[in-house]
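# Working through the structure, step by step
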Amino acid sequence: MSGLHVTVDTTSAVPVYEQLRHQVTALVTTGALREGDRLPAARALAADLGIAVGTAQRAYRELEAAGTVTSRRRTGTVVAASTTVEEDVRWAAEGFVERALSSGLSAEQALDVVRAALVSVARSRTR
């Protein structure tokens, strides 16, 4: 079983199932969760987080619909094969983070740089 480390904020305007979906997707995208890693049973996840089982099940259904995970009766819920990010992209991201932090940028400043780059590249692609 994978070491799924997620948290939820029940006071947030973002629904809990959406918080879970977003966090699991981020863990898969960054490579923290890899193809074949098992997620805890929805019932166990719900108990750990103090949420309703149906909420955890909805998050898993949404993840499965997006192709991020697959669920089977005997194997449980596992990270799907098609969701792994190309290794070179992950390495590039890690290299950027290392350089940004060693240059003295805060995590938020580094994210601002990435956001600005995304906007810039998106604009140049639509021209």
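This write-up is about the structure you can find in this document. In this text, all values refer to a predicted model and were calculated from it rather than measured experimentally. (Residues numbered from 1 in each chain as written. Predicted model: local features only at pLDDT ≥ 70, side-chain atom pairs only at ≥ 80, totals over all residues. Heavy atoms only, no water.)

Relative orientation of the contacting elements helix 1 (residues 16–30) and helix 3 (residues 53–65) amounts to 45°, with a least axis distance of 8 Å. Accordingly, the angle class assigned to the pair helix 1 and helix 3 is oblique. The element helix 1 and its partner helix 3 pack so that their crossing is right-handed. Contacts from Val16, Tyr17, Leu20, Arg21, Val24 and Thr25 of helix 1 reach helix 3 at Thr55, Ala56, Arg58, Ala59, Glu62 and Leu63. Split into classes, the residues belonging to the contact of helix 1 with helix 3 amount to seven nonpolar, two polar and three charged. (Axes fitted to C-alpha atoms, helices over the stretch in contact; angles between N-to-C directions. Helix = DSSP H or I, 4+ residues; strand = E, 2+ residues; numbered from the N terminus. Parallel < 35°, antiparallel > 145°, perpendicular 65-115°, else oblique. Left-handed = near helix turned anticlockwise from the far one by under 90°. Contact = heavy atoms within 4.5 Å. Nonpolar A, V, L, I, M, F, W, Y, C, P; charged D, E, K, R; others polar.)

A separate point is the sheet that holds strand 3 (residues 76–79). Strand order in this open sheet of three strands is 1-3-2, and the pairing throughout is antiparallel. Every interior strand has two partners, whereas the edge strands, strand 1 (38–39) and strand 2 (69–72), have only one. The strands touched by helix 3 are strand 1, strand 2 and strand 3; relative to strand 2, the strand with the most contacts, the crossing angle is about 115°. (Pairing = 2+ DSSP bridges.)

Further remarks concern the pattern of salt bridges. Any two side chains of opposite charge can pair, so long as their charged atoms come close to each other. In total, this model carries four salt bridges according to the counting rule given. Residues glutamate 18 and arginine 21 are paired through a salt bridge, measuring 2.4 Å at the closest nitrogen-oxygen approach. Linking glutamate 18 with arginine 21, this pair stays in helix 1, spanning three residues, or about one helical turn. Residue glutamate 18 is classed as partly exposed on the basis of its relative accessible area of 22%. Residue arginine 58 is joined to glutamate 62 by a salt bridge in which the shortest nitrogen-to-oxygen separation is 3.5 Å. Taken together, the positions of arginine 58 and glutamate 62, both in helix 3 and four residues apart, correspond to about one turn of that helix. We classify arginine 58 as partly exposed; its relative accessible area is 35%. Accessibility expressed as a relative area gives 30% for glutamate 62, which makes it partly exposed. (Salt bridge = Lys/Arg side-chain N within 4 Å of Asp/Glu carboxyl O. Buried < 20%, exposed > 50% of the residue type's maximum accessible area, 1.4 Å probe, protein only.)

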